[in-house]
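The lines below spell out each chain.
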Amino acid sequence: MTSRFGTIRRAALAAAAAGTLAFGATACGGSSDGGSSGGGGGEKIVIGWAPPSATGVFKTATNYFDKALAGARAAGMDVELTTRSPAAETDPQAQVSIVEDFITKKVDAIVVSPSDTQAIKPALRRANEAGIPVIMVNLLEDQPGVDVASYIGFDNAEAAEVTAYSVLDYFGGPGVLGDGEKVDVPKDKKLDLAFWRDLYKDVDKASITARGGQLQGVAGTLFAVERLKGFKTVFDQFPNAKTLGQPIAADWERQKAVGATEDLVSRFKDQMQFVWGSSSEMSIGAANVLERRGLLDASGKPEKGKIAVFSNDVTPETASLVKQGKIAAETTHGFADWGWIGAQTAVRLVCGLPVEKKNNIGPRTVYPGNVDQYFPTPEQPAIDWAAIKAECK
């Protein structure tokens, strides 16, 4: 695998990522490694993309990575995307090995969505030492101990807060769901956390009753912990909104969510009004169980003896389930955006061009009334690859 940068440029990029140099001619100019010094120079740019799995949301991100880089190639840039993922998100060491292999092969940039933010850090520090810029997606929370050139993602706690408000809406609160007070929302209005907080600031908090079970991801990881925390932050304000039992770890996996949902139903069938799967794959597993057992609430409003499903993520598959009412609402994390912005950010970094330190893909509610805005073809801003190629150092 022949990539664009040599040792001197890698050292400059490492210093830039650490904040000691500005990206641009000072950091990456010249051709002391024998490479071309301007306009892209026709040299290949190799990007290593390491998602924690190849399914669901990460497949969506990869698809949009590919779409964006097809535009770069059409503009005359020689860009290669190498995508590798572990067989399961519960194997962080496999992801570490993938990143280490990218370093050995001297890719020009590494984009990673870590399954475990702590486990991946030693490998990312080795990337820093090799002068390979690191982009982290799926989160905005700063990761001390490593130099991350750019974050692309969302605040996981805030995303779960959005979901919690969607649940309250469904069970009688104001909003766009259920049979409570309906709010007229313009088509271009995002149902983000600011929208929900403002809408609920004067609501009688004792007026909403909701009981439900929770499926969490890999217990103890940042993503699982932060999402549970965010959901609890909202529910704690409403005395009659309760979660039943302890969250069950289904490791972000559909099949494990099947067993977890069966467990919830066996214990809480007569009390439970909803299941919240904090990822798309787990929510699909939950919806499949409830539908098979005749318990799925797909009516668009609470039904006695039925159980509604709420989710976080939004993929083409779950968007279809939202449209059908089989998932009452889902909080989008912008996976298409990860790939689209990630591609541009990686290439700009390799070219020595400035990038955003944090790209906040604000979480927002997707429901039957707006799902077509998000899939099957979520809009993405145009990327001026010709300009990037012309400015590439």
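In what follows, the accompanying structure is described. This is a predicted model, so every value here is computed, not measured.

### Section: the state of the cysteines
Within the structure shown, the criterion is met by one disulfide. Paired through a disulfide, Cys-351 and Cys-392 show a sulfur-sulfur distance of 2.1 Å. A torsion of -85° about the S-S bond marks the disulfide between Cys-351 and Cys-392 as left-handed. Of this pair, Cys-351 sits in the loop between helix 12 (335–350) and strand 12 (358–360) while Cys-392 sits in the segment after helix 13 (385–391); the two residues are 41 residues apart in sequence, bridging distant segments of the chain. Cys-351 sits in the buried class, given a relative accessible area of 0%. Take Cys-392: its relative accessible area is 1%, and that puts it in the buried class.

### Some details on the packing of aromatic side chains
How two aromatic rings sit relative to each other is set out by the distance from centre to centre and by the angle between their planes. Enumeration according to the criterion identifies 18 aromatic pairs in this entry. Taken together, a centroid distance of 6.2 Å and an interplanar angle of 70° make the contact between Tyr-200 and Phe-238 edge-to-face. Of this pair, Tyr-200 sits in helix 7 (residues 193–200) while Phe-238 sits in the loop between helix 8 (222–235) and strand 7 (241–243), and the two are 38 residues apart along the sequence. Classification of Tyr-200 by relative accessible area gives buried; the value is 2%. Note on Phe-238: relative accessible area 1%, which makes it buried. Taken together, the aromatic side chains of Tyr-170, Phe-171, Phe-231, Phe-235, Phe-274, Trp-276 and Phe-310 make up a single cluster linked through ring pairs. The ring of Tyr-64 has Lys-67 sitting right over it, with the charged end atom 4.3 Å from the ring centre.

### Some thoughts on helix 5 (residues 121–129)
Each full turn of the α-helix corresponds to 3.6 residues, which orients residues three or four apart in the same direction. Every buried residue of helix 5 is listed here: Lys-121, Ala-123, Leu-124, Ala-127 and Asn-128. In an axial view of helix 5, the angular spread of the buried residues amounts to 160°, which keeps them on one side of the axis.

### Quick notes on the nonpolar core
In this structure, Val-99, Ile-110, Leu-124, Leu-215, Met-272, Val-275 and Leu-290 are the most contacted members of the largest nonpolar core, which totals 56 residues. For Leu-124, the residues in contact, after removing those within four places along its chain, are Val-99, Val-112, Val-134, Met-136 and Val-146. Core analysis: the next-biggest nonpolar cluster, separate from the first, contains 39 residues, Phe-65, Val-79, Ala-336 and Trp-340 among them.

### Comments concerning the pattern of salt bridges
Between side chains of opposite charge, pairing is possible as soon as their charged atoms come close. Under the criterion given, the structure shown has 17 salt bridges. Close ionic contact of Asp-101 with Lys-105 constitutes a salt bridge, the shortest N to O distance being 3.2 Å. Overall, the relative accessible area of 21% leaves Asp-101 in the partly exposed class. Among the ionic pairs, Arg-292 bridges to Glu-262, the shortest N-O distance being 2.7 Å. Of this pair, Arg-292 sits in helix 10 (residues 280–292) while Glu-262 sits in helix 9 (residues 254–268), and the two are 30 residues apart along the sequence. When salt bridges with common partners are traced through the structure, they connect Arg-84, Asp-101 and Lys-105 into a single cluster.

Calculation criteria
Residues numbered from 1 in each chain as written. Predicted model: local features only at pLDDT ≥ 70, side-chain atom pairs only at ≥ 80, totals over all residues. Heavy atoms only, no water. Disulfide = S-S within 2.5 Å. Helix = DSSP H or I, 4+ residues; strand = E, 2+ residues; numbered from the N terminus. Buried < 20%, exposed > 50% of the residue type's maximum accessible area, 1.4 Å probe, protein only. Phe/Tyr/Trp six-rings, centres within 6.5 Å; stacked < 30°, edge-to-face > 60°. Lys NZ or Arg CZ within 6 Å of the ring centre and 35° of its normal. Arc of directions from axis to C-beta. Core = buried A, V, L, I, M, F, W, Y, C linked by side-chain atoms within 4.5 Å. Contact = heavy atoms within 4.5 Å. Salt bridge = Lys/Arg side-chain N within 4 Å of Asp/Glu carboxyl O.

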